[in-house]
Amino acid sequence: PALGRGFQVADENGTGIEDNIDAAPVVVLSHQVWQDEFHGDPSAIGRALVMNGRSYTVSGVMPAGFKDPIAGAIDGWVPMDLSQGKDPNEAGNHYLTLIARLRPGVPITRAQAELDGLSLRLAEQYPMAKNERARLYPLKEDIVGSSSRALAIMLGAVGLVLVLVCVNIANLMLVRGSERTREFAVRSALGAGRSRLVRQLLVESLILAVAGAIAGLIVARIAMSAIVAVGSGSIPRLASLSIDPRLLAFALAVATLCAVLFGLVPAVRAARTQPGDALRDQGRSATSGGHAMRLREWLVVSQVALAFVLLVGAGLLLASFQRIRQVELGVTADRVLAFELNLPAARYDSTARAQFYDAFASQVASLPGVRAAGGVSKLPVTGRYHQWSVTALTGPLAGDEKRRNTGAENRVVSGDYFRTVGIPVVEGRAFGAGDDARAPDRVIISKSLSNTLYPNTSAVGQKLRTGGRSSEIIGVVGDVAVDNEGDPDGYVSHAHRQFAGDRNWALTQVVATTGAPERLEPAIRRALAARDPQLVMFRPTTLDAAIGRGAAQRVFTLRILMSFAAVALALSALGLFGVLSYGVKLRSREFGIRMALGAGRGTIRSIVLRQGLLVTAVGIGIGLVGSLALSKLMVSLLFHVSPLDPRVLAGAVLFLVIVA
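Residues numbered from 1 in each chain as written. Predicted model: local features only at pLDDT ≥ 70, side-chain atom pairs only at ≥ 80, totals over all residues. Heavy atoms only, no water.

**Here we look at the pairing of strand S3 (residues 48–51)**
Across four bridges, S3 lies against strand S4 (residues 54–61) in antiparallel orientation. Its bridge partner lying in S4, Ala-48 is registered against Thr-57. Between S3 and the antiparallel strand that follows it, S4, lie two residues; Asn-52 among them carries a positive phi value of about 55 degrees. (Pairing = 2+ DSSP bridges. Helix = DSSP H or I, 4+ residues; strand = E, 2+ residues; numbered from the N terminus.)

This is the structure:
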C-alpha cells in the first residue's frame, strides 16, 4: 500500500459475518476511492467507512494506477475469514484464485513439486480432497496468455506492411533514379564528382525520411487512440498504451535506414554513369531500362505476395466472425438490459433476500416499455461458473453408478428470468409463486441434461441430487450455450426463493424492453431507490454487449488485420500501377511501331494487361505459400473455418486480379 498497511494474519481470523465473507472489519482502499471519499487526506487511515451496510476501518490505500491482477478495477479489499467454517470437510467447494510469489531462485517446477506433496498431505487430513490438485501458472501468462497469439499475428502484419512500404520505396527510388539519369549526366559533365552526386541523393532521401517519420508520428498518435477505443476490453492493459521512447527510436531508425539503403542504390548507379553514354542512351530507353524494369517487376511480385497473405488472414477472421454470428446461443439477447444487484448481508437475511428479488422484478416488469424482468446468478453465454455434480435419483439410469452421474452448470434465478432472456419451456412449467422455502426443493433442467440423465423418458417429476440437495424436476427448458462459440452444456436452475438460504447470491438483473434498453435505466434506478436508497445499479450493460465480450479479441484482431490488408492492397496497387505505367512509357516507341504496322488499340491494351496479370499471378503463387504459414499461426483465432478455406483463398485471388 502507498499508505497504511495491508492485512495481517489476525485480520483473517475474526468473528466474520454470514457465510464467512470477511473477518475483521478492515479495508484497503483503491487510490481512486481514497480520492473520492477522503479527498486524498492521509489521515483517512484509521477512519471508518460504511460499505455494504457495515462499518469498516481503513487500514491502507493502494498506489495510484494499481489494478487487481485477477479482477481488474477494484474499489476496496477486505480480508476473508479463514477460521474454521461450518463444514471443514467440504474441501471440494473451491472457488478462490491464489497468488503466490516464489522465493528468489526457486524454479516453478520445484514449487510445483512442493505443492504436490502438500496436496497429498491434505488428502490424508481431508478425505474429500483426495482428488483435488493445484497447478501453478505464471501470472503474466495467466493474464495475457490468451492475447499473445493475437498480438503475435498483429505484429507479423505490421512486419509485412513494413516490408511492403520498403519495397514500394525501393521501387519509387529506382524509377526516380532512372528518370533523372540525364540530369545526373549533365551534372557530371559540368564537373560534379561522384561523392557529390551520392551526397545529394542521400540528403534528399534523408529529408524525405524525416518528413515521412514526422507525418507517421502524427498518424500514429491518432491511430493509437482509435486502437484503444476499438480494442477496449479485448487486450489486457490496452488502455495504458502509449508511444514508448524505445519504439519511437526504433521507428526513426527504420526510417533512416530505409532512406540510406534505398537512396544509396540509385546514388551509386548515378555516380557510375558515364555522361556521354547516358546522353546517347536517351533514345534507346526501352532497351536500356529493361534490366531495371525486371527488377521493379520482381519487387511488385513481392508486394502482391505480401498483400495476398494479409488478405487471406483478414478473410479467415472475417469468415470466423460470420460463423460465430450464426451460432444458435439459445437466448434472445436483443433489447435486454443487465445490471448487478447486491443485497448487503448485514441488512438482508435469507428471508428478506428471497422477498426482495422477486418483488423488485415484478415492480420493474410493470414499468412502461418493459416486457419481462428477472435475475440470475451468472448471465447466460458468458462462460462456466458453478459446475456441480449431478446424480439422477430416479429414472432409467438410477441404478447405473456410472451413467447416472454427470456435471452441470447450476444457476439461481428469480422473477420471470426464462421469458426475459427468451429461453423456452419445452416441458413442464417455469417457477411460480408456490416454489418458495416452504415447498419441497424444485429445479428446472436443460434439454441436453434431460436427454443425458433421463433418456427416452420424461424428466418432469423425476428427482436428482446437486449442490447437496435432492430436488424434484418441474420443467425442462431449451439448451443454452456456455459461451458465444456455442458449446452446449447441461444446466440446473434453482428458484432463488428456495435457494436464498444457501448463501448471499448476488443476482444479475435482466430486463427485456420494447425499445432501447439504455432509455429505461433512469426509471429502473428510481424504482430501486424507492425500495432501498442505499442499493446500487452496478455495471449496467446490454445482454448483447455482455455476450459479445467473449469475441472481442477476435473482432479486434479482425479490424486491425482488415486495416493492414487495406493498406497492403493500396500499396500493391500503387506499385503495380507504377511499374505498368513506367513500362508503357519505356515501350511507347515500340507500341508506336506496332500500331504503325497494323496493331489495334485492343492489342496494345491486352499486352499491357497481360504483363500486369502475369506479375500478379506470380505474386499470388508466392503468396499462397506464405498464407499456409500464416494460417497455422491463426488456428487458435479461427472458429469452424479451415485455415485453407477455399472460398477465402478464391476470394483473395479474385480480389487481387480485379485490382490488377
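**Let's talk about the packing of aromatic side chains**
For the coordinates displayed, the defined rule picks out nine aromatic pairs. Seen from their ring centres, Tyr-417 and Phe-418 are 5.4 Å apart, and the 65 degrees between their planes marks the pair as edge-to-face. Ring-pair connections join several aromatic residues into one group, and the members of that group are Phe-339, Tyr-348, Phe-356, Tyr-357 and Phe-360. Sitting above the plane of the Tyr-56 ring, Arg-54 keeps its charged end 5.6 Å from the centroid. (Phe/Tyr/Trp six-rings, centres within 6.5 Å; stacked < 30°, edge-to-face > 60°. Lys NZ or Arg CZ within 6 Å of the ring centre and 35° of its normal.)

**Structural notes on the packing of helix H4 (residues 181–189) against helix H5 (residues 194–230)**
Two numbers describe how H4 lies on H5: the axes approach to 10 Å, and their chain directions differ by 140 degrees. By the angle between their directions, the pair H4 and H5 is classed as oblique. As H4 packs across H5, the resulting crossing turns out to be right-handed. Across from Glu-183, Phe-184 and Arg-187 in H4, the residues of H5 making contact are Leu-197, Gln-200 and Leu-201. Here the contact of H4 with H5 is composed, by residue class, of three nonpolar, one polar and two charged. (Axes fitted to C-alpha atoms, helices over the stretch in contact; angles between N-to-C directions. Parallel < 35°, antiparallel > 145°, perpendicular 65-115°, else oblique. Left-handed = near helix turned anticlockwise from the far one by under 90°. Contact = heavy atoms within 4.5 Å. Nonpolar A, V, L, I, M, F, W, Y, C, P; charged D, E, K, R; others polar.)

**Considerations on a nonpolar patch on the surface**
Among the surface-exposed residues, Ile-70, Ile-99, Leu-139 and Ile-143 lie close enough to one another that they form a single nonpolar patch of about 310 Å² accessible area. Considering the arrangement of structural elements, one finds Leu-139 in helix H3 (residues 139–179). Taking the relative accessible area as the measure of exposure, Leu-139 reaches 34% and is therefore partly exposed. (Patch = residues over 30% accessible without salt bridge, like charges linked within 9 Å, V, L, I, M, F, W, Y side chains within 5 Å. Areas by Shrake-Rupley, 256 points an atom, 1.4 Å probe, with all protein chains shown as cover. Salt bridge = Lys/Arg side-chain N within 4 Å of Asp/Glu carboxyl O. Buried < 20%, exposed > 50% of the residue type's maximum accessible area, 1.4 Å probe, protein only.)

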